[in-house]
Amino acid sequence: MLDQGAPPQDQRTAAPASPGVAGRLMRRKPVERLVAEGGQGEGGTLRRSLGLWQLTMISIGATLGTGIFVVLGEAVPKAGPAVTLSFVIAGLTALFSALSYAELAGTIPVAGSSYSYAYATMGELIAWVCGWCLLLEYGVSVAAVAVGWGEYLNELLDGTIGVTIPDALSAPPGAGGVFNLPALIVVLLAMAFLLGGAKESARANTIMVCVKIAALVLFCAIGFTGFRSGNYAHFMPLGMAGVSAAGATLFFSYIGFDAASTAGEEAKDAQRDLPRAIMLSLVIVTTLYVLVAAVAVGARPWRRFDDSEAALAQIMRDVTGQSFWATLLAFCAVIAIASVVLTVLYGQTRILFAMSRDGLVPKVFARVHPKTGAPRANTVIVSVFCGVLAAAVPLGQLADATSIGTLFAFALVNVAVVVLRRTRPDMPRTFRVPLSPVLPALGFAFCAWMMGSLSAVTWVVFGVWMAVGLVFYFGYGYRRSRLATAEGAAVATEK
């Protein structure tokens, strides 16, 4: 007990000391607090309006389209006919991580996705690193897909009215253009839907997803008539290294289930529906990816893909000898890719919403419009940034940058599910990863392996991105996070 006659200096010495730097970096946000704050923003709340069907469509919408309609032309020259195996490997890697996502989404149903999972299990610094990776993953993915959208728009215009947008206005610098205007337009169109609210955006996305599935089924039916078994004579011409390199590039096509997990605060029954939506969408998407890739390579020699970003439409034209089917596919692809932009942009805004609510980024990203229940300022800022990025950077660099951010975030999720099992074993879980910790460990290993397959340039870009993120964190979020301010207030009260 303190001596009542002790001088004030002794009382200050006896007061609890503030946590050191290491303690601050490792501070964790309690799961109960994460869930209790669900939906709460600056000036309003997100609305719970999404059911299992809408969540599954968001997941498929964010996934189905990128790897097939856009990046297939880049992946085939890396792996040859074995690109089908690349899709399987990428899908298997995604499956291990999806199992971990499903458990955490049912346990911690919040908007921050893997950022929030890391905050609850591994501490603030790791959460920031994960969130910063997600910003790379989602923001650059929107831009990458928007670039490919312009390719199919030109196919559609050429097949209908016989004109195309000049390269100067339909390709980014470094790819024969000055400014990619179609890429900017599709991002701004997605922004317009998102400003109307989650329910309205989900309705539009569902329609677009149905169109894209119908388009891929149509491609398989027609493309199979031009199937030549000889195109598979040399199945793996570039070896396993080519297969893994193509798989790493294609992996960004599987981020859809991650987008579904960002809807945790707008789902009607998140704990039940999120795990189901994640697993269901992954099965549907992987099946379609492998089927379409197999038909595409069978209908066209792999050396003729030569980085074409509208490969499926060209295959339809070659097989049928007519422009009608290629034009129809291009029309469906324009709608399909637009849905990817819409849903991935949605996920980007919700992650920033969660980070802003925690004080790690400015408050403007957590402001919610009271009428629509949407973070309007957040949506506009992110859309303009992604639109300009899409108009100014070539697709290949964007796709690889997205892959490394995705793989890093997924690796952390596999760690987080094991940590939460150890630290909070009695928490109710609507889904549990089977054979844990074996499957999460495999998920982590696959992610690390595929990251190692990416180019040195991609790693340099990633390193620069992470360095910038750490500068921002220590310059802003370290002292402004809500956990930091709460600790500071507690210490001041004790004193």
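Bear in mind that the values here come from a model prediction, so they are computed numbers and not experimental data.

1. Comments concerning the overall build of the chain
Helix and strand content of the chain: 22 helices and 0 strands. Looking at the chain residue by residue over its 495 residues, the buried ones come to 59%. In the chain, the proportion of contacts linking residues at least 24 apart, taken out of those at least 6 apart, comes to 84%. Roughly 18600 Å² of accessible area belongs to the chain as shown, and the carbon and sulfur atoms make up 66% of that amount.

2. Considering the packing of helix α9 (residues 124-160) against helix α18 (residues 376-392)
Remark: α9 packs on α18, axes separated minimally by 8 Å, with the N-to-C direction vectors making an angle of 50°. Compared by their axis directions, α9 and α18 come out oblique. When you trace α9 past α18, the crossing you get is right-handed. Residues Gly139, Val140, Val142, Ala143, Ala146 and Val147 of α9 form the contact with α18, whose own contacting residues are Cys386, Leu389 and Ala390. Of the residues in the contact of α9 with α18, the class split is 8 nonpolar, 1 polar and no charged.

3. Details of the nonpolar core
Counting 155 residues, the largest nonpolar core has Phe69, Leu72, Val83, Phe87, Tyr152, Phe219 and Leu312 as the members making the most contacts within it. In terms of residues, this core owes the most to one element, α9, which gives 20 residues.

4. What about the packing of aromatic side chains?
By the definition in use, this model includes 21 aromatic pairs. For the ring pair Phe227 and Tyr232, a centre distance of 5.9 Å and an interplane angle of 25° mean the geometry is stacked. Among the aromatic residues, ring-to-ring pairing joins Trp128, Trp132, Trp465, Phe472, Tyr473, Phe474, Tyr476 and Tyr478 into one connected group. We note Arg27 situated over the ring of Tyr478; from NZ or CZ to the ring centre the distance is 5.6 Å. Of note, Arg300 hangs over the ring of Phe305, and the distance from its end group to the ring centre comes to 5.7 Å.

5. Details of the layout of surface pockets
Quantified by volume, the second largest pocket comes out at close to 250 Å³. Of all elements in the fold, only α17 (323-357), α21 (456-480) and α22 (482-494) reach the threshold of two or more residues within the lining of the second largest pocket. Its residues assigned to classes, the lining of the second largest pocket comprises 3 nonpolar, 5 polar and 7 charged.

6. Things to note about the confidence of the model for the chain
Overall, the predicted model of the chain reaches an average pLDDT of 83, with 90% of residues at or above 70. No element of the chain has a lower mean pLDDT than helix α1 (residues 8-14), which averages 42, and none a higher one than helix α8 (residues 114-121), which averages 91. Under a pLDDT of 50 for its full length, residues 1-16 has, in the predicted model, 6 contacts with residues more than four places off or in other chains.

7. A few points about α9
Over its 37 residues, α9 extends 53 Å from the first C-alpha to the last, a length consistent with the 54 Å expected when each residue adds 1.5 Å. Of all the 37 residues making up α9, 30 are buried; the element is thus mostly covered by neighbouring parts of the structure. A positive phi of about 75° marks Gly162, the residue just after α9.

8. Here's the deal with the environment of Phe472
Along the chain, the position of Phe472 falls in helix α21. Along the chain, Phe472 and Leu360 lie 112 residues apart, while their C-alpha atoms are 9.2 Å from each other. Sequence-distant contacts of Phe472, defined by excluding residues within four places in its chain, comprise Trp128, Leu360, Val361, Pro362 and Gly477.

9. Notes on unusual backbone geometry
Across the junction of Ser436 and Pro437, the peptide omega takes the value 10°, indicating a cis bond. With respect to the element layout, Pro437 can be found in the loop between α19 (395-423) and α20 (438-452). Despite not being glycine, Ser113 shows a phi value in the positive range, around 55°. On the accessibility criterion, Ser113 (0% relative accessible area) is buried.

10. Some thoughts on the packing of helix α16 (residues 311-320) against α17
In contact at an axis separation of 7 Å, α16 and α17 are set at 160° when each is read in the N-to-C sense. When the axis of α16 is compared with that of α17, the two are roughly antiparallel. By crossing handedness, the relation of α16 to α17 is classed as right-handed. Facing Leu312, Ala313, Met316, Arg317 and Thr320 of α16, the residues of α17 in contact are Trp325, Ala326 and Leu329.

11. Some details on a nonpolar patch on the surface
A cluster of nonpolar side chains, namely Leu169, Val178, Phe179, Leu181, Ile185 and Leu189, defines an oily patch on the protein surface of about 500 Å² accessible area. Broken down by element, the residue count for the nonpolar patch peaks at 3 residues, all from helix α11 (residues 181-194). Secondary-structure assignment places Val178 in the loop between α10 (167-170) and α11. Among the residues examined, Val178 registers a relative accessible area of 60% and is labelled exposed.

About the cut-offs
- What you see as residue numbers is a count from 1 along each chain, following the sequence as written.
- Only residues with pLDDT of at least 70 are given local features in this predicted model, and only at 80 or more are side-chain atom pairs given and counted; all residues enter the totals for whole chains, interfaces and linings.
- Excluded from the side-chain calculation are hydrogens and water; included are all heavy atoms of the structure.
- Helical segments are the DSSP runs of H or I of at least four residues, strand segments are the runs of E of at least two, and each set is numbered from the N terminus.
- Exposed residues in this analysis have more than 50% of their type's maximum accessible area, buried residues have under 20%, and partly exposed residues fall in between, with area computed by a 1.4 Å probe over protein chains only.
- We call two residues in contact whenever any of their non-hydrogen atoms come within 4.5 Å of each other.
- With residues, only the protein chains shown are counted as cover, and all accessible areas are computed by Shrake-Rupley using a 1.4 Å probe.
- Lines fitted to the C-alpha atoms define the axes, with helices restricted to the stretch that makes contact. Angles between their N-to-C directions range from 0 to 180 degrees.
- An angle below 35 degrees is treated as roughly parallel, one above 145 as roughly antiparallel, one from 65 to 115 as roughly perpendicular, and anything else as oblique.
- By convention the crossing between two helices is left-handed if the near helix lies anticlockwise of the far one by an angle smaller than a right angle, and right-handed if it lies clockwise.
- Charged residues are taken to be Asp, Glu, Lys and Arg, nonpolar residues to be Ala, Val, Leu, Ile, Met, Phe, Trp, Tyr, Cys and Pro, and polar residues to be all remaining types, Gly included.
- Note on terminology: a nonpolar core comprises buried Ala, Val, Leu, Ile, Met, Phe, Trp, Tyr and Cys residues joined through side-chain atoms within 4.5 Å.
- Only centres within 6.5 Å qualify two rings of Phe, Tyr or Trp (six-membered ring in Trp) as a pair; their planes then separate them into stacked at under 30 degrees, edge-to-face at over 60, and tilted for everything else.
- Here, a charge over a ring means that NZ of Lys or CZ of Arg falls within 6 Å of the ring centre while also lying within 35 degrees of the ring normal.
- Put plainly, a pocket is an open set of points on a 1 Å grid over the protein atoms alone with protein on both sides within 12 Å along at least five of seven lines, a cavity is a set where a 1.4 Å probe fits but cannot get out, and a lining residue has an atom within 4 Å of a point.
- Grid points are joined across faces, edges and corners, and a volume is the space filled by probe spheres set on the points.
- Looking at any residue, its pLDDT shows the predictor's confidence there, from 0 to 100.
- Here the expected span of a helix is defined as 1.5 Å times the quantity of residues minus one.
- Patch building starts from residues that exceed 30% relative accessible area and form no salt bridge, then joins like charges within 9 Å and nonpolar side chains (Val, Leu, Ile, Met, Phe, Trp, Tyr) within 5 Å.
- Salt bridge, as used here, is a side-chain nitrogen of Lys or Arg placed within 4 Å of a carboxyl oxygen of Asp or Glu.

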